Amino acid sequence: MKKLLLSLCMILPLIACDKTAEQGKDITVSPVKIGVILPLTGTNSYMGEQMREGYEFVKEYLNPAIDYELIYFDDQQSSSKAAIGAKKLIEVDKVDVLLTGTSQTASVVAEAAERAKVLHLGISSDNRFTQKEYNYTMAPNSIDEASVLLKYMQEQGYKNIALITANEVFADMVAENVKNLAPTYGMNIVFEEKITPGATNDYRILLRKAEQNNPDIYLLQSWPPEIDILSKQLFEIKPNAKITSLYSFFISGNIDMYKNQFCLNISTDKTEFKQAFEQKYGKGLEQMSATAFAQLSLMLNILQNKNHKLSEIIKNNDSIFGKLTLDGRSIRYLPVVEIIK
Amino acid sequence: MEYLINLAILFSIYSMLALSLNMVIGMSGLVSLAQAAFYGIGAYATAIGMTKLGLGFFGTIFLGILINVVIALVVGKILARFQYDYYAIVSAGLSVIVFSVLLNWKSVTNGALGIYGIGKPNIAGYSFYSNSAFLGLTVAFAIIIYILYLWIDRSSFGRVLKALREDEKLTQSMGYKTKHYKSFIFTLSAALSGIAGSFFASYIAFIDPSTFQLKEGIFLFTIIVVGGLSSALGSVVGALVLISLPEVLRFIGLPYETAAQLQQIIYGAMLLLMMILKPQGLFGKYRM
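Predicted model, so just to flag it, every value in this text is computed and none were measured.

Engineer: Explain the overall build of chain B here, please?
Structural biologist: Assigned secondary structure in chain B consists of 12 helices and four strands. At 19 Å, chain B has a C-alpha radius of gyration in line with the 19 Å of a compact globule built from 288 residues. Projected onto its principal axes, the C-alpha positions of chain B cover 55 × 50 × 35 Å. Buried positions account for 56% of the 288 residues belonging to chain B. Summarising the internal contacts of chain B: among those between residues at least 6 apart in sequence, 78% fall at separations of at least 24.

In structure tokens form, the structure reads like this:
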């Protein structure tokens with residue numbers, strides 16, 4: 001195990017710098033320890049649980065050649081717990097690599113990963129943490145996300161958008177990008193409002209105010225349960241309202257509520273994969289599960305091919321998201337617009 | 001070892017917070033839930049000071065103290081009119097207001113995106129970048145606050161605070177202007193919480209408003225209730241118990257599918273049991 005750690009310490013920086021690690025030693029000592037920091041309890045535990053299903057599904061579906069062990073740490077979406085988690089996984093569990101599930105966690109874990117020279121792969125759209133060496137993110141470019149959705153809305157003839165977004169990292173980025181890009185696609189933001197998750201459960205007054213501005217479509221960006229509450233209350237006021245979002249309808253446990261609406265989603269067009277997931281868990285593939293699956297698959301691919309350049313590994317990676325590209329230390333893929341059936 | 005050092009850093013930071021809160025709640029009987037607000041202001045003063053204003057860590061500590069003192073003086077004057085539950089409700093309001101400001105004043109705080117890349121302290125070319133050096137500095141500040149607590153506790157000023165905790169009207173009848181005492185201890189506590197916030201920001205290197213919500217204030221309140229009200233030792237032991245207990249539980253061999261949830265249940269049950277067996281806390285001198 002010591003040899004493995006030593007070799008990884010020598011090799012991972014080279015991979016991180018996208019240089020060929022010719023002296024690299026194949027991982028022959030098993031298992032490779034992969035530390036995973038997720039919110040498994042608390043408000044965002046639904047996300048953590050969806051991701052855990054995705055991670056667990058990798059072994060069953062891909063049956064990877066590399067022997068690995070996943071070690072979970074529940075950070076309850078707390079910065080201080082995430083910092084402790086990174087240290088515990090690195091120092092006590094001696095993990096070889098780290099995976100994180102949220103932007104906040106990735107930002108906190110980045111420093112510990114850099115100090116310990118442990119490769120860390122997050123899934124955050126906010127890629128500020130990748131300024132630090134050893135830290136990578138695998139997520140669509142946030143401008144691409146907004147562009148894909150706006151382009152589709154333009155094609156469908158929508159002109160006026162009511163933008164209601166939560167006061168949190170991802171929704172904030174969505175709001176900024178949509179506001180900046182909407183004029184390019186000939187669209188107007190006729191109403192804009194922020195909501196603070198957990199502050200209230202009654203958005204009816206806000207939604208009536210939005211309606212007075214006659215939007216063609218409502219772009220609602222929040223995570224459950226707010227997204228479900230907002231949508232339900234909007235449908236009470238305006239049963240035929242057209243709504244859209246980035247991913248959140250697919251993260252919600254109430255996908256039926258969004259029938260015939262469209263939403264940005266990851267581009268998982270692999271039917272066989274979707275069916276296998278449904279068969280195992282008795283439910284449709286959730287966005288966070290798919291993301292976690294792709295994240296772990298890529299990490300295993302990197303570990304298996306550590307003698308290759310990262311750009312080559314990315315290029316040849318057979319992701320469920322289709323083609324991946326490397327932009328600095330951000331691994332990108334393109335999302336798609338999906339109509340919910 | 002690094003893991004333990006990191007736990008010790010967090011323990012020191014929470015000890016500072018618990019000691020400062022116990023000055024208000026334990027020593028003076030003022031149920032304040034505003035601590036998370038001052039903690040957050042201190043943390044943001046350091047984050048903004050170091051990343052945007054180019055200040056050094058110690059300069060940002062003073063900045064945090066200054067801002068907290070100004071806010072606490074104003075709010076303390078208002079709070080001094082209240083007692084008991086009303087004090088708790090109004091102070092909780094401050095916590096909510098500060099959280100909203102941190103979340104929405106984007107040009108300064110960067111909103112929900114938070115502030116990334118906060119540096120480590122540096123004195124005359126010596127950097128506290130290593131965790132052990134940072135721990136040394138944090139413990140030194142925690143000890144200073146501990147000594148300050150004991151000094152106030154044993155001073156005539158501290159005795160007046162305890163008197164107003166027991167009976168404010170009686171204390172007033174003896175000629176003490178209790179409003180000034182309440183306002184002063186609230187301001188001092190706010191300043192000390194700001195120091196803890198500065199250390200937290202520098203330690204964690206990334207902060208966002210979610211850390212400084214009302215629930216953090218309630219967590220701090222739990223620390224001093226478990227450790228013991230009106231006790232410096234209780235504040236420190238309370239912080240030790242509540243920071244280390246969840247970590248100890250991680251080493252129990254629970255089935256991994258439900259380990260996180262079971263840990264929470266065991267943690268809650270242990271706290272409940274502790275409160276049943278020791279309602280005044282582990283080292284409490286005063287019971288609410």
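After that view, the rundown keeps rolling.
Engineer: Where do I start with the side chain of N68 of chain B in this structure?
Structural biologist: Residue and element names in this part refer to chain B. Considering the arrangement of structural elements, one finds N68 in helix 3 (residues 57-79). Judged by relative accessible area, which is 0%, N68 ranks as buried. There is a polar contact of 3.1 Å between the side chain of N68 and the backbone oxygen of F38.

Engineer: Where do I start with the sheet that holds strand 9 (residues 243-244) of chain A in this structure?
Structural biologist: Two strands in a sheet stick together by hydrogen bonds in their backbones, pointing the same way (parallel) or opposite ways (antiparallel). Reading across the sheet, the four strands line up as 7-6-8-9 (chain A) and stay open at both edges, with parallel pairing between neighbours. Where the open sheet ends on each side, the last strands, each with one partner, are strand 7 (188-195) and strand 9 of chain A.

Engineer: Explain a nonpolar patch on the surface here, please?
Structural biologist: Taken together, L66, V70, L73, V74 and I78 of chain B make up a surface patch of nonpolar side chains, about 450 Å² in accessible area. By secondary structure assignment, the location of V70 of chain B is in helix 3.

Engineer: What is the right way to look at unusual backbone geometry in this model?
Structural biologist: With the exception of glycine, most residues fall at negative phi, and the peptide bonds are largely trans. For the peptide bond that leads from P224 of chain A to P225 of chain A, omega is 0 degrees, which places it in the cis range. Examined against the element boundaries, P225 of chain A turns out to sit in the loop between strand 8 (217-221) and helix 8 (226-237). Backbone geometry places N260 of chain A, a non-glycine residue, at a positive phi of 75 degrees. When you line up the elements, N260 of chain A lands in the loop between helix 9 (248-251) and strand 10 (262-265). Despite not being glycine, A205 of chain B shows a phi value in the positive range, around 70 degrees. With respect to the secondary-structure elements, A205 of chain B resides in the loop between helix 9 (178-204) and strand 4 (206-207). By relative accessible area, which is 4% here, A205 of chain B ends up buried.

Engineer: What is the right way to read the interface of chain A and chain B from this model?
Structural biologist: When the parts come together, some accessible area is lost, and that loss is often what is quoted as the size of the interface. Counting residues at the interface gives 36 residues for chain A, matched by 37 residues for chain B. Of all residues in chain A, I84, R115 and R128 of chain A give up the largest surface area on contact with chain B, accounting jointly for 21% of the area buried on that side. Applying the counting criterion to the chain A and chain B interface returns two salt bridges. The shortest N-O distance in the salt bridge between K120 of chain B and E111 of chain A comes to 3.1 Å. Among the secondary structure elements, those contributing two or more residues to the side of chain A that touches chain B are helix 2 (45-62), strand 2 (68-74), helix 3 (79-92), helix 4 (103-116) and helix 6 (169-181) of chain A. Per-element accounting of the side of chain A that touches chain B gives the leading share, nine residues, to helix 3 of chain A. Within the side of chain A that touches chain B, the residues separate by chemical class into 11 nonpolar, nine polar and 16 charged.

Engineer: Can you help me understand the sheet that holds strand 4 (residues 119-122) of chain A in this one?
Structural biologist: Residue and element names in this part refer to chain A. The strand order across the open sheet built from seven strands is 2-1-3-4-5-12-11, with neighbouring strands paired in mixed fashion. Only two strands of the sheet have a single partner each, and these edge strands are strand 2 and strand 11 (325-327). Recorded for the sheet is a direction-independent mean angle of 25 degrees between the axes of neighbouring strands. In the sheet, strand 11 pairs with strand 12 (residues 330-332) via three bridges, with the strands oriented antiparallel. Across the sheet, residue T325 finds its bridge partner in strand 12, namely R332. On top of the sheet, helix 11 (residues 287-304) reaches strand 1 (32-38), strand 2, strand 3 (97-100), strand 4, strand 5 (135-138) and strand 12; it is set at about 165 degrees to strand 3, its chief contact.

Engineer: How do you make sense of the environment of G122 of chain A when you look at a structure like this?
Structural biologist: Residues and elements named next belong to chain A. Checked against the element boundaries, G122 lands in strand 4. In this structure, the C-alpha to C-alpha distance between G122 and L99, residues 23 residues apart in sequence, is 5.7 Å. Discounting chain neighbours no more than four positions away, the residues touching G122 are T100, F129, Y136, T137, M138 and Q295.

Here is what the cut-offs are and how they apply
Residues numbered from 1 in each chain as written. Chains lettered and ligands numbered in written order. Predicted model: local features only at pLDDT ≥ 70, side-chain atom pairs only at ≥ 80, totals over all residues. Heavy atoms only, no water. Helix = DSSP H or I, 4+ residues; strand = E, 2+ residues; numbered from the N terminus. Rg over C-alpha atoms; globule rule 2.2 N^0.38 Å. Buried < 20%, exposed > 50% of the residue type's maximum accessible area, 1.4 Å probe, protein only. Contact = heavy atoms within 4.5 Å. Polar contact = N/O pair within 3.5 Å; in protein donor to acceptor, adjacent residues only side chain to side chain. Pairing = 2+ DSSP bridges. Patch = residues over 30% accessible without salt bridge, like charges linked within 9 Å, V, L, I, M, F, W, Y side chains within 5 Å. Areas by Shrake-Rupley, 256 points an atom, 1.4 Å probe, with all protein chains shown as cover. Salt bridge = Lys/Arg side-chain N within 4 Å of Asp/Glu carboxyl O. Buried area = accessible area lost by both parts, 1.4 Å probe. Nonpolar A, V, L, I, M, F, W, Y, C, P; charged D, E, K, R; others polar. Axes fitted to C-alpha atoms, helices over the stretch in contact; angles between N-to-C directions.

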